[in-house]
Structures are given as structure tokens and as C-alpha cells.
Amino acid sequence: MPLLQVENMTHYFGGLRAVHNFNLEIEPGQIRALIGPNGAGKTTIFNLMTGIYTPTEGRIILDGQNIVGLQPHSVASRGLGRTFQNLCLWRHMTVLEHVMMARYSRLTYGLVGAFFGTALRNREEAASKAKAMELLDLMDIAHLADQTVTNLPYGAQRRVEMARALASEPKILFLDEPTVGMTPEELDQMLGIIRTLHRDLGLAIYLIEHRLKIVMELCERIQTLVFGEVIAEGTPEEIQKNPKVIEAYLGKEAVH
Amino acid sequence: MVEKNSASPGNPPKRFLRLRQFLGDVPLLAWLFGGLISVLIEQQVGERLANLLGLPKIPVLFGFMLAMKEPLLLPGALAYVLVLYILTIVLIGKITARPFNLMAAKMIQWPIAIPVILHLVVLYAIMHFWADISLYRELTLKLTLIAIMLTLSLNIINGYMGEFSCSHPGFMSLGAYGASAVMVLFFVNDRLFGDAILPEVLGPFLFPLALILGGIVAALGALLIAIPSFKTRGDYLAIISLAFMFIVKSLFENLQFLGGARGLKGQPDLANLPTVFIWLVICVWVINNFVRSTMGKALNAVRDDELAAEAMTVNTRRTKMVAFLFAAFWAGVAGGLFAHTVRFINPNTFGVQRLAEILAMVYFGGLNSVYGSIVGAVSLNLLGEMLRPLALFKWIIIPLLLILIMIYRPTGLVAFKEFDVRKLIQPKRKPEKEV
């Protein structure tokens, strides 16, 4: 059984059909990508699957459970982690606090612990901190743990976001344009990180990406989205040769 | 403590740097000890020193009120403050810095509760002897401590959570009326509630319960606001909470069995200084615990980016509701203490002016910070008292001050600073010489 299965997902914003009959199956440990021109509805699809919007029609099954209609935080705590295209970091919080925050749903000490500082709370916060430091180490930013995120360079901010997404211990990681605005070096490092996550942690990854080069290097299967509809699906080679994809990206003239 | 504050901002001029060099190695306990000695001296020779300096009596609030009434006495008052407080505290703090540093180094190894309680006892002793001089001082001090509770609880909503709530006087009045009604009903022969039901001896035991009840009433009131306004984000909370404040006020104006517009009086005199102090300590402790836990920091996450907080498994709606009710609870408790301190409340006490005061204290002191709330509440409350002789002009000076703060430090004096007790009481070393 696939880890994540989306069946016939359709979504309307008022009268505008943003996504039409979207289907997706992700097996454990698979890397897949969603590509498409600007405004095709890629981020909308992410938002639909993570519970920010509720799809007008269709089913989303994560690990055997239908997650349509759940609040985003419960979707997230069921194992769907994500990063954002435009770095949604919390500007007054430190790097360590960011990563610890993502373990919110795993804390069991409740309000009594929060108010009175019980032993259980101290234990859980310490465990959470240890786990967070481990992830920061993995991302190579452990030395920045006490910095406020706004003081960090862009590449490091991306890593913080990645560490934060991992801290909720997702089964699938959704990456929304993880390399946007990066220098070639940062880009190479990010590729390395994504590979590590895939190889060492065995995470399933679903990513939105603009740069075909990265997608071609990383992914096993690619979907191409244009105006809310998947026009092509297949291996990188197949996608590269598909006339519809070329048309969508480069315009009709180029085909001839 | 005055020098210490002025020396702390990020890039101080050279003179302050030298001061910081000079006083940097004085631990908190030595400061407190200095304060204790200085108030003890005041108790013994304050009267004589005041006469010597040409003052009619001990200047009650650092001489400001006296100077406002009779400007000629200003030099005397300043000299009094300088000699008795500043010089004494600095001198004793500096002399005892070494032994107290050794002591602090030892105590930091023990369970944290022991040194904390020791510090609190000394702090309380200072307040006790300082307030012992006059009833007016005691009242001002109690109201200041209550103002800290109010400011801190509003800071949870307006600072930590980043919403804008205007209903604090409403919560305060719910708590005040809740606690007063219980206490008057049980322990006072009253026109409204009839004869006392229980013997007066039980009063002190039931008082905490009455305060908690007042807090719970306030929290229930907060629930009424929270349910509609936390469905969305934006200015709704400000509008709804402002309306709530006025609704509560007119509710109490029309509830005849609670005295209506004439108010409720005759609360038993149970909110003495130690009681208020202990409640304040509990309040600061619990709130500080909360805002330093991951559950409390979720408020910051919600404020800075709610969507990201949701995506990181934070139940944002629950977080906001809990924090709002929690803040209202403490406002209610503070209201109950307030009612038993002034021993007379009427609906007008909890109007727009009170709201302005509390908001000013929060924004003056600093958002998202326990220190800030303490600084804001103490400074504005004392300033308000000091400027009382100026009557209406007080309401020109304080807003001007606020405008200046908003221009030069938009988030308040001591914003975004974590209140870490361990750091506060640890032994101090001289700061490195800066070139």
C-alpha cells in the first residue's frame, strides 16, 4: 500500500478551478517531483494536501487514514512535514527554538507542566532539545543554535527550515522549491542534504522545483502540472522528451 | 538599582561603561543587601536626616511629590535620595560584592528553589521596611505590585501572542467583583448581602479561594471573547475586546445586587503586603514557566507566522485560547487583590482610563518580556504617583514619554529578554575591558 495516496483531488477558488483531478501515489522512500510553470497550482496542491485548504472533491489517504478536513497541525503530526517556498521562519526565535517547536505535538506534559515546571516537563524539554541538537548537527548548523534566525545568511535559514521540518519526524517531507534563490554552491549543498535525508533517513520526499536539472538528478518520477491539470507523468527521461511538457515550458513554436 | 539600569543598554557612552566596570561584579544578593541596609537606616535616622536637610518629613516617594509642591525643597530631597538610597546601596553593594559572590557561587549548586526563596525573603524585607514609614507608601507599593500582575498578564496577549486585547479592565472587574462578592457575603455585615455567614477568623483561609474564583470568572468572560475572535486573525480581537470591556462595565452598573453604579465597599482588609507579594511571586513564576516552555513559545510562533506554526504541528487555536484565558485569569486575580487593597470598587474604576494605564505599562516596559512588564509597571506606576500633584498635566507628561519610547525603542524598554532566574542570581564577574 502506498504511503500517501491522493485520488481525484479537485479544488475550486470560487468559480476558478485551481486543481483538477489530481492523482498521486508515493511509496515509502520514494522521491517524486511536481514541476510546472508559474501559477500552475503547485503550491495550491501542497496546501491542499497539508490541510491548509480543504479540497472541494477527492480523497487524501496518508498511511491508511483519510486526512481530508483535518486541521493542518493534525495532518502535520500524522507525519506530513513541509518547508515553505518563502521561508516561513519565526523572526524573534532562535534556531534551537525553531527546531524544538516542531516537536510540539510530541509533548505530553500539558498545561500543568507548562505552568508549574514539573519534572516530566523538564525531562521532555531536555529530550526535545537533545533531538533538536542532533538535527542541527545533521544540517551542520549546530554552532548557530542560539542565534536569532533573522541574523543568518539565506542558505543557513533554508537549513533551519529543513531541520524544523524534520523535527516533527515526518514520514513524507514536502519541499516547496527548496533551492529557490540559491547560489550554485548553496544549491549543491542542498542537493547533498536532500540526498542524505533520502538515503540515511529513508524519507519519502515530494518536491516542487523550478530547475529541471535538480529534478532530473534527484527524482524517480515527475509530474508536470499546467493550469491545475497534470499533463504528463513519468521518469525524468520521458518527461524531458514529452512534447506537451516542452510546449508548456517553451511555447508551441519550439516543438517544430 | 538606578545606575545598573542606565548602564545596561547596548552601546552606552564611555561614562556608563566605566560605571559598568565599577559595578559589574556586584551580584544581585549584594544589591538586595544594600537595599535592606538602606531602608533599615532610613527607619532609624530617616526622620533626623530629613530635618537636617530642611525637609518637613521623610520624602515619601523619593522626594518628587515634595518637590512638585514646593520646588525650593528639591535640593534637599535630591540629597536625601542620593545619600540614603544611592550612595548607601552602591557602597554596601560594592563592599559586600566579594563575600556575596562566593555565596552565590555556592548557592547556584543547590536546588534552585533555595537561593530563590532567600532572594525573595530579602526583597520582601526591603519592601516591608520601606513601606513601614507611611501608609501611603504601603498603598502605593501594593498597587504597584498589582500593576505588575496586570501588565504581565496583558503582555501574554499583546506581547507574546502579538494580538491586541483591550479587555483587561473588564477581566479585572470580573475578578474584583467575583472575589469581593464572595468575601463580603461570607464575612461582612453588609447592606447588600446581609449578615456575615462565617466567622471572621476563616477569612484569610477563604481569601485565596475567592481570588481564584475571581480569576476563573474572568477566564470565563475571556472565553466569550475568545470563541468568536480566534477563528480568524487580525483586528477582530481588538474590537471585540473593547466592546467586551464596555459591556462588562455597564453590566456592573446595572446589577443592583452588586451595588450598581455606586459600587461595592467594605471588603475585609486581607490584601496586606505579604499577601500581595506572595501572589505576585506566584504569578511571575507561573507565567515565566509558561512562556519559557515550548507550549508557551508556541505563542511566539503563532505571532511571527501562524501558518508555519500550524505546519509544525502546533495547535494554534488551542494555544491562543489557552493563553488568552490564562492572561484573563491573572487579570482577575489582580482585580480581586485590587478590590481588597482599596476596599471599594465601582464600575467606573475599570474604565478606559485603566485600560490606557495598563496598555501604557505594557508598551513602555517592553513586549515579550517579564523584565519589561516589571520595569514598565513599576516606573509608570511610581511616575503616576509622583506626578499626582500636577493633576491634569500628568496626562500630558506620561503620553509624551510614551511617544518618545515609541520613537526610540519601538518595542519598549526591555523587550524580548528572557527572564532566567539562574542568570539573575549567579555570581557576577567584572566585564572585560572594552577598547
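This is a predicted model, so every value here is computed, not measured. (Residues numbered from 1 in each chain as written. Chains lettered and ligands numbered in written order. Predicted model: local features only at pLDDT ≥ 70, side-chain atom pairs only at ≥ 80, totals over all residues. Heavy atoms only, no water.)

Quick look at the overall build of chain B
Check the secondary structure of chain B and you find 19 helices and 2 strands. Taken over the C-alpha trace, chain B has a radius of gyration of 23 Å; the compact-globule value for 435 residues is 22 Å, and the two agree within 12%. Each principal axis of the C-alpha atoms in chain B carries an extent, and together these give about 55 × 55 × 45 Å. Taking all 435 residues of chain B together, 54% fall into the buried category. Considering only intrachain contacts with a sequence separation of at least 6, the fraction spanning at least 24 residues in chain B is 79%. Carbon and sulfur atoms make up 69% of the accessible area of chain B, which amounts to about 19900 Å² in all. A gap of 6 Å separates the mean positions of the 37 positive and 24 negative side-chain charges of chain B. (Helix = DSSP H or I, 4+ residues; strand = E, 2+ residues; numbered from the N terminus. Rg over C-alpha atoms; globule rule 2.2 N^0.38 Å. Buried < 20%, exposed > 50% of the residue type's maximum accessible area, 1.4 Å probe, protein only. Contact = heavy atoms within 4.5 Å. Areas by Shrake-Rupley, 256 points an atom, 1.4 Å probe, with all protein chains shown as cover. Lys, Arg positive; Asp, Glu negative; His and termini not counted. Charge placed at Lys NZ, Arg CZ, Asp CG, Glu CD.)

Notes on the overall build of chain A
Counting its regular elements, chain A contains 10 helices and 10 strands. Compactness check: chain A gives a C-alpha radius of gyration of 19 Å against a globular reference of 18 Å for 256 residues, within 12% of the reference. Across its three principal axes, chain A shows a C-alpha extent of roughly 70 × 40 × 35 Å. Counting across all 256 residues of chain A, residues that qualify as buried make up 53%. Partitioning the intrachain contacts of chain A with sequence separation of at least 6 by distance along the chain shows that 67% fall at a separation of at least 24. Computing the positive centroid from 25 side-chain charges and the negative centroid from 29, chain A places the two 3 Å apart.

A closer look at the side chain of S167(B)
All names here are of chain B. Locating S167 in the fold gives a position in the loop between α8 (135–160) and α9 (168–187). At 3.2 Å, the side chain of S167 forms a polar contact with the side chain of S165. Not counting chain neighbours up to four residues away, the residues in contact with S167 comprise I225, S241, F244, M245 and F324. (Polar contact = N/O pair within 3.5 Å; in protein donor to acceptor, adjacent residues only side chain to side chain.)

Side note on the domain arrangement of chain A
Residues and elements named next belong to chain A. Here chain A is partitioned into domain 1 (1–79 + 170–256) and domain 2 (91–169). Once you take the C-alpha centre of each, domain 1 and domain 2 turn out to be 27 Å apart. Domain 1 puts 19 residues into the contact, and the matching count from domain 2 is 12 residues. In this assembly, domain 1 packs against domain 2 so that about 1200 Å² is buried in total across both faces, 71% of it on carbon and sulfur atoms. Our count for the contact surface shared by domain 1 and domain 2 stands at 0 salt bridges. (Domains from an automatic or database assignment. Buried area = accessible area lost by both parts, 1.4 Å probe. Salt bridge = Lys/Arg side-chain N within 4 Å of Asp/Glu carboxyl O.)

Considerations on the side chain of T88(B)
Within the fold, T88(B) resides in helix α5 (residues 74–95). Apart from the residues lying within four places of it in its own chain, the contact partners of T88(B) are S38(B), I41(B), V83(B) and G93(B).

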